[in-house]
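# Descriptive structure summary
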Amino acid sequence: MDYRALPHGGEKISIIGFGTASIGGTPEKEAVEAIRYAFENGVNYIDLAAGHAEAFTYMGRAAEGLREKLYFQIHFGANYTTGKYGWTMDLETAKRSLDWQLGQLKTDYIDFGFIHCIDELGDLEKVQKNGVVNYIQQLKDQGG
């Protein structure tokens, strides 16, 4: 596997990542085996914009004992209360969702995050006004 160092932090990220958008409909044993296969072959970057909530459970199980070698990216505002990907710009719901995601992933930190579903200037203004951007900055400042 080839890796590229990120320009600001120097993290060495695999040039092939693992996306979780469609793994949710897969039986757990098969999903965990696929994820572990990716890890065994050098994939260390995981995009957790999952289509289904169970992808977090699968990833948490597959990543046991490997967390320090992996880079998790989550999407602030993703909301899985229905079991499927949903979206919120409400700060308290975003916080609860992040806590839930961390619990399922069996970790207390993420490596990368971004605000998803900013489709127009009004969306950005809303997440700034409701405190989501400030919350993300606080997490970054805390090293969380």
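Anything mentioned here points back to the structure above.
Because the structure is a prediction, the values reported are computed rather than measured. (Residues numbered from 1 in each chain as written. Predicted model: local features only at pLDDT ≥ 70, side-chain atom pairs only at ≥ 80, totals over all residues. Heavy atoms only, no water.)

## Notes on helix H1 (residues 28-40)
- The first and last C-alpha atoms of H1 sit 18 Å apart over 13 residues, in line with the 18 Å expected at 1.5 Å per residue.
- Among the residues of H1, those classed as buried are Ala 31, Val 32, Ile 35, Ala 38 and Phe 39. Down the axis of H1, the smallest arc covering the buried residues is 120 degrees, so these residues share one side. Turned more than 90 degrees away from the buried face of H1 sit Lys 29, Tyr 37 and Glu 40, all of them exposed.
- Tucked into the core, H1 has its buried residues touching strand E3 (18-19), strand E4 (45-47) and helix H2 (54-62).
- One or two positions beyond H1, positive phi appears at Gly 42, with a value near 95 degrees. (Helix = DSSP H or I, 4+ residues; strand = E, 2+ residues; numbered from the N terminus. Expected span 1.5 Å × (residues − 1). Buried < 20%, exposed > 50% of the residue type's maximum accessible area, 1.4 Å probe, protein only. Arc of directions from axis to C-beta. Contact = heavy atoms within 4.5 Å.)

## Overview of the packing of helix H3 (residues 91-105) against helix H5 (residues 132-142)
- Axis separation between H3 and H5 bottoms out at 9 Å; the angle between their running directions is 35 degrees. In this structure, the crossing between H3 and H5 has a hand that is right-handed. Only Val 132, Tyr 135 and Leu 139 of H5 make contact with H3, whose side of the interface consists of Leu 91, Lys 95 and Leu 98. (Axes fitted to C-alpha atoms, helices over the stretch in contact; angles between N-to-C directions. Left-handed = near helix turned anticlockwise from the far one by under 90°.)

## Topic: H5
- Here H5 has its buried residues at Val 132, Tyr 135, Ile 136 and Leu 139. Considered in projection along H5, the buried side chains sweep an arc of 100 degrees and stay on one side of the axis.
- At the C-terminal side of H5, Gly 143 shows a positive phi close to 80 degrees.

## Concerning a nonpolar patch on the surface
- Together, Met 1, Tyr 3, Ile 15 and Ile 16 make up an exposed nonpolar region whose accessible area comes to about 360 Å².
- Owing to a relative accessible area of 41%, Ile 15 belongs among the partly exposed residues under this scheme. (Patch = residues over 30% accessible without salt bridge, like charges linked within 9 Å, V, L, I, M, F, W, Y side chains within 5 Å. Areas by Shrake-Rupley, 256 points an atom, 1.4 Å probe, with all protein chains shown as cover. Salt bridge = Lys/Arg side-chain N within 4 Å of Asp/Glu carboxyl O.)

## Details of the packing of aromatic side chains
- Across all of its chains, the model carries six aromatic pairs by this definition.
- Ring geometry for Tyr 45 versus Phe 112: centroids 6.2 Å apart, planes at 55 degrees, classification tilted. Highlighted residues: Tyr 45 in strand E4 and Phe 112 in strand E8 (residues 112-115), separated in sequence by 67 residues.
- Arranged with centres 4.9 Å apart and planes meeting at 65 degrees, the rings of Phe 56 and Tyr 80 form a pair that is edge-to-face. Here Tyr 80 lies in the loop between strand E6 (78-79) and strand E7 (86-87) and Phe 56 lies in helix H2, a separation of 24 residues in the sequence.
- A connected cluster of aromatic rings, assembled from ring pairs, spans Phe 56, Tyr 80, Tyr 85 and Trp 100.
- Its end group placed over the ring of Tyr 109, Arg 67 keeps NZ or CZ at 4.0 Å from the ring centre. (Phe/Tyr/Trp six-rings, centres within 6.5 Å; stacked < 30°, edge-to-face > 60°. Lys NZ or Arg CZ within 6 Å of the ring centre and 35° of its normal.)

## Brief notes about the packing of H2 against H3
- Orientation of H2 relative to H3, taken along the N-to-C sense of each, is 40 degrees, at an axis distance of 7 Å. With respect to H3, the axis of H2 lies oblique. Counting all contacts with H2, which are made through Phe 56, Thr 57, Met 59 and Gly 60, the residues of H3 involved are Trp 100, Gln 101, Gln 104 and Leu 105.
- For the contact of H2 with H3, a count of residues per class yields four nonpolar, four polar and no charged. (Parallel < 35°, antiparallel > 145°, perpendicular 65-115°, else oblique. Nonpolar A, V, L, I, M, F, W, Y, C, P; charged D, E, K, R; others polar.)

## As for the environment of Phe 18
- Looking at the secondary structure, you find Phe 18 in strand E3.
- Sequence separation between Phe 18 and Phe 72 is 54 residues, and the spatial gap between their C-alpha atoms is 9.8 Å.

## A word on the side chain of Asp 123
- Topologically, Asp 123 is positioned in helix H4 (residues 121-129).
- The charged side chain of Asp 123 is buried without a salt bridge, its nearest counter-charge being Lys 126 at 7.2 Å.
- If near-sequence neighbours (up to four positions away) are discounted, Asp 123 is found in contact with Met 89, Cys 117 and Ile 118. (Lys, Arg positive; Asp, Glu negative; His and termini not counted.)

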